[in-house]
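# Geometric and topological summary
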Amino acid sequence: MMLRSWMAPLGLHIEPAQPRDADAAAKLHAASFYRGWPREDLEAYVLDSDTPTLVACDKHRKLAGFAMLRLLGDDVELMTIAVDPKFRGKGVGEALLKACFEDLLMTPARRMLLEVAADNPAAIRLYEKAGFKQISERKGYYARPNGQPATALVMARDLN
Ligand SMILES: CC(C)(COP(=O)(O)OP(=O)(O)OC[C@H]1O[C@@H](n2cnc3c(N)ncnc32)[C@H](O)[C@@H]1OP(=O)(O)O)[C@@H](O)C(=O)NCCC(=O)NCCS
């Protein structure tokens, strides 16, 4: 069996999420997005084999980031990726994506899809660097505090 553990920058490592990570992941998600996800939802996703989730954490299991996928047959959707603001810009997000690509080799998924807000250049750069290309866009997709919804870019990358 393939060992599901990867090295990450800053002495962190990446491994599958556990239900006990749901609390920290919910806090991290709330710190990263205008609309957070309830802890209960995150815990349910972690327990569901159709939504594999990887965490980047230290040896005391303090979370620095996580990525959550949804398996959809040939396709897999990157549902969310978030890195703690204190740990950003150090390669943790990139390491999480790479671990996802490797982890998906054990599944039928051949293409990864994601939506990203057009006003989120950090995430767009991260995805472009990882080989994603824009395939379409969805206007007015994301709610924004100022009431002006933001466009989503749909991006895709083949997995091989
Ligand atoms: C997007 C996010 C996950 C990136 O995580 P990160 O660990 O900071 O990213 P990394 O350090 O691995 O950066 C990898 C690449 O992404 C790009 N990038 C990351 N942060 C960037 C920034 N602030 N500005 C421009 N490019 C950036 C760069 O190309 C970088 O590579 P480089 O350092 O060689 O130039 C993180 O900023 C985050 O959690 N943001 C809030 C949540 C979010 O927007 N998630 C994506 C939703 S679709």
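We now turn to the structure provided with this report. All chains use their own residue numbering, which begins from 1 and follows the written sequence. In keeping with the predicted nature of the model, local features appear solely for residues at pLDDT of at least 70, side-chain atom pairs appear and are counted solely at 80 or more, and the whole-chain, interface and lining totals rest on all residues. Side-chain numbers come from the whole structure's heavy atoms, not from hydrogens or water.

## Notes on the overall build of the chain
Tallying secondary structure elements over the chain gives 4 helices and 8 strands in all. The secondary structure listing takes helices from DSSP runs of H or I that are at least 4 residues long and strands from runs of E that are at least 2 residues long, numbered from the N terminus. In the chain, the succession of α and β elements from N to C terminus is β-β-α-α-β-β-β-α-β-α-β-β. Taken over C-alpha atoms, the radius of gyration comes to 15 Å for the chain, in line with the 15 Å a tight globule of 160 residues would show. For the chain, the spread of C-alpha atoms along the three principal axes comes to 45 × 35 × 30 Å. Both definitions apply: the radius of gyration is a C-alpha atom measure, and the globule rule equals 2.2 Å times residues to the power 0.38.

## Side note on the site of the ligand
For this purpose, a residue is taken to be near a molecule or strand whenever a single non-hydrogen atom of the residue falls within 4 Å of it. What surrounds the ligand is a group of 21 residues, the closest being G89, G91, G93, N120 and K129. Think of a polar contact as two N or O atoms within 3.5 Å of one another; within protein, one of them needs to be a possible hydrogen donor and the other a possible acceptor, and neighboring residues in sequence only count if both atoms come from side chains. Within the contact set of the ligand, an oxygen atom lies 3.1 Å away from a backbone nitrogen or oxygen of K90. In this structure, an oxygen atom belonging to the ligand sits 3.4 Å away from a main-chain N or O atom of L126. Burial of the ligand by the surrounding chains reaches 73%, relative to a free accessible area of 910 Å². The set of elements that each furnish at least two residues to the shell around the ligand consists of β5 (75-83), α3 (92-103), β6 (111-117) and α4 (121-129). With 6 residues, the top contributor of residues to the shell around the ligand is α4. Classification used: nonpolar for Ala, Val, Leu, Ile, Met, Phe, Trp, Tyr, Cys and Pro, charged for Asp, Glu, Lys and Arg, polar for all others including Gly. Looking at the shell around the ligand, its residues break down into 10 nonpolar, 5 polar and 6 charged. Computed with a 1.4 Å probe, the accessible areas rest on the Shrake-Rupley method; for each residue, only the protein chains presented here act as cover.

## Things to note about the environment of S49
Residue placement: S49 occurs in the loop between α2 (39-47) and β3 (53-57). Note on classification: 1.4 Å probe, protein chains only; a residue is buried when its accessible area is under 20% of the maximum for its type, exposed when over 50%, partly exposed between these limits. For S49, a relative accessible area of 62% gives the class exposed.

## Things to note about the packing of α3 against α4
The packing of two helices is summarised by the inter-axis angle and the distance between the axes. Where helices are involved, their axes are fitted lines through C-alpha atoms of the stretch in contact, as for all axes, and angles between N-to-C directions lie from 0 to 180°. Where α3 contacts α4, the two axes come as close as 10 Å, and the packing angle between them is 45°. Classified by the angle between their axes, α3 and α4 sit oblique to one another. Crossing hand, α3 versus α4: right-handed. Between α3 and α4, the residues in contact are G93, E94 and L97 and L126, Y127 and K129, respectively. For the contact of α3 with α4, a count of residues per class yields 3 nonpolar, 1 polar and 2 charged. In these notes the angle categories are as follows: under 35 degrees is roughly parallel, over 145 is roughly antiparallel, 65 to 115 is roughly perpendicular, and the rest is oblique. In this scheme, a crossing is called left-handed if the near helix is turned counterclockwise away from the far one by less than a right angle; it is called right-handed if the turn is clockwise. Residues are treated as being in contact if the distance between any of their heavy atoms lies within 4.5 Å.

## Here we look at the nonpolar core
Nonpolar cores are built from buried Ala, Val, Leu, Ile, Met, Phe, Trp, Tyr and Cys residues. Side-chain atoms within 4.5 Å join them into one set. I14, L78, L96, M112, Y127 and F132 are the most contacted members of the largest nonpolar core, which totals 33 residues. Those elements that place two or more of their residues in this core are β3, β4 (63-72), β5, α3, β6, α4 and β8 (150-158). A total of 7 residues in this core trace back to one element, the largest contributor, which is α3. Not counting the four nearest positions on each side in its chain, Y127 is found in contact with L78, I81, L97, L114, V116, F132 and M155. Counting 13 residues, the second-largest nonpolar core is a separate cluster that includes L42, V55, F66 and M79.

## Here's the deal with the sheet that holds β5
Reading across the sheet, the 8 strands line up as β1-β2-β3-β4-β5-β6-β8-β7 and stay open at both edges, with mixed pairing between neighbours. Taken across any chain shown, the strands that pair with only one partner, and hence form the sheet edges, are β1 (6-7) and β7 (133-142). Direction of pairing for strand β2 (residues 13-16) relative to β3: antiparallel, over a ladder of 4 bridges. When the sheet's bridge partners are listed, E15 is paired in β3 with V55. Its contacts with the sheet put α2 on β3, β4 and β5, and the angle it makes with β4 is roughly 60°. Strand pairing is defined by DSSP finding a minimum of two bridges between the two strands.

## Some thoughts on the packing of aromatic side chains
We call Phe, Tyr and Trp rings a pair once their centres come within 6.5 Å, taking the six-membered ring for Trp, and we label the pair stacked below 30 degrees between planes, edge-to-face above 60, and tilted otherwise. For the structure on display, the rule yields 4 aromatic pairs. Both rings, one in Y127 and one in F132, keep their centres 5.7 Å apart while their planes meet at 70°; by these two values the pair is edge-to-face. F132 matches Y127 in its accessibility class, with the two residues each being buried. A network of ring pairs unites the aromatic residues F101, Y127 and F132 as a single cluster. Geometrically, a lysine NZ or arginine CZ counts as sitting over a ring once it is within 6 Å of the ring centre and also within 35 degrees of the ring normal. The positively charged end of R157 is found above the aromatic ring belonging to F101, 3.8 Å away from the centroid.

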